[in-house]
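Topology and contacts: notes
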Amino acid sequence: MTLVPTLYDFQVALSHVDRSIDQPALVIKLARHPSETMQRAWLRVFAFCWLWEERLAFGKGLAEPDAPDLECRDYTGLVTRWVRVGKADPQKVQRAVDQNPHAKVAVMFESVQRMEAFLAEAREAKATRVAKAELAAVDADLLRSLSQFDTRRIKLSLTFVGDHAYVECEGQSFDGPLTRATP
């Protein structure tokens, strides 16, 4: 018997100061696979908001391991953004960089430690073209705090200023840094 995903409805007031983005009523529909943790689901939502642009969509996710978690295509079908969240394989990220020369490739990690482990794996595997990808980690405490909210309808306000995120969810306020990798 196949387990079906749980559908979540995130209603987000998104502000990204550095990118001049103001989306007061962004609706994000997320299908959470039964084996996916709430922390990973929040990481996908966080990455979606951080990289938001028109036509950005969730990929096939856990059902297809080689597919990106998020992707954006132009009107001709060409991939313009390829995004992986959580534990990423340096060889797969390098392959994404190679196979999508017109795309911005990004990986968002659940902690700085996970990002550093990824970079160490990439160095060991000599995956040098990983440096072409944008790598960032969410503050682990912020992600842990958000993962407590596990209801089917979630309303939040998310503001990015520089490399810092401010979140208001269910009357509670949270904030934390985004740490970017330096090649």
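Before reading further, recall that the structure is shown in the block above.
Report follows, based on the coordinates. (Residues numbered from 1 in each chain as written. Predicted model: local features only at pLDDT ≥ 70, side-chain atom pairs only at ≥ 80, totals over all residues. Heavy atoms only, no water.)

A count of helices and strands for the protein chain gives four helices and 10 strands. When the helices and strands of the protein chain are placed in sequence order, the string is β-β-α-β-β-β-α-β-α-β-α-β-β-β. Relative to the globule expectation of 16 Å for 183 residues, the C-alpha radius of gyration of the protein chain, 16 Å, shows essentially globular dimensions. Seen through its C-alpha atoms, the protein chain measures out along the principal axes to roughly 45 × 40 × 35 Å. Per-residue burial for the protein chain yields a buried fraction of 45% across its 183 residues. For the protein chain, the computed accessible surface area is about 9700 Å², with 51% contributed by carbon and sulfur atoms. The average position of the 24 basic charges and that of the 25 acidic charges among the side chains of the protein chain differ by 5 Å. (Helix = DSSP H or I, 4+ residues; strand = E, 2+ residues; numbered from the N terminus. Rg over C-alpha atoms; globule rule 2.2 N^0.38 Å. Buried < 20%, exposed > 50% of the residue type's maximum accessible area, 1.4 Å probe, protein only. Areas by Shrake-Rupley, 256 points an atom, 1.4 Å probe, with all protein chains shown as cover. Lys, Arg positive; Asp, Glu negative; His and termini not counted. Charge placed at Lys NZ, Arg CZ, Asp CG, Glu CD.)

Let us look at the side chain of Q94. Here Q94 lies in helix α2 (residues 90-99). Of note is the side chain of Q94, whose polar atom sits 3.1 Å from the backbone nitrogen of T128. (Polar contact = N/O pair within 3.5 Å; in protein donor to acceptor, adjacent residues only side chain to side chain.)

Our focus in this paragraph is a nonpolar patch on the surface. Where nonpolar side chains cluster on the molecular surface, the patch consists of V17, V161 and Y166 and spans about 250 Å² of accessible area. Counting through the fold element by element, Y166 comes out in strand β9 (residues 164-169). Its relative accessible area of 40% is what places Y166 among the partly exposed residues. (Patch = residues over 30% accessible without salt bridge, like charges linked within 9 Å, V, L, I, M, F, W, Y side chains within 5 Å. Salt bridge = Lys/Arg side-chain N within 4 Å of Asp/Glu carboxyl O.)

A word on the pattern of salt bridges. Considering all chains together, one arrives at 14 salt bridges under this definition. Between D69 and R40 there is a salt bridge, and its shortest N-O distance comes to 2.8 Å. Here the residue D69 occupies a position in the loop between β3 (56-58) and β4 (70-73), and R40 occupies one in helix α1 (residues 38-50), the gap between them amounting to 29 residues. The exposure class assigned to D69 is buried, which follows from its relative accessible area of 1%. Among the residues examined, R40 registers a relative accessible area of 18% and is labelled buried. Between D98 and R129 there is a salt bridge, and its shortest N-O distance comes to 2.7 Å. Placement of the pair is D98 in helix α2 and R129 in the loop between α3 (112-124) and β7 (134-138), with a sequence separation of 31 residues. Assessed through its relative accessible area of 38%, D98 is described here as partly exposed. The partly exposed category is assigned to R129, whose relative accessible area is 31%. Ionic contacts of the salt-bridge type, sharing partners, join the residues E36, R40, R44, D69 and R84 into one network.

As a general point, the strands of a sheet are linked pairwise by backbone hydrogen bonds and lie either parallel or antiparallel. In spatial order, the strands read β2-β1-β8-β9-β10-β7-β6-β5-β4-β3; together these 10 strands make up an open sheet with mixed pairing. Each of the sheet's edge strands pairs with one partner strand only, and the pair in question is β2 (21-32) and β3. Across the sheet, the mean angle separating the axes of adjacent strands is 25 degrees when strand polarity is ignored. Pairing between β9 and strand β10 (residues 172-180): six bridges, direction antiparallel. In the strand pairing of β10, A165 is matched with G176. Here α2 sits on the sheet in contact with β5 (79-85) and β6 (104-109), set at roughly 155 degrees to β6. (Pairing = 2+ DSSP bridges. Axes fitted to C-alpha atoms, helices over the stretch in contact; angles between N-to-C directions. Contact = heavy atoms within 4.5 Å.)

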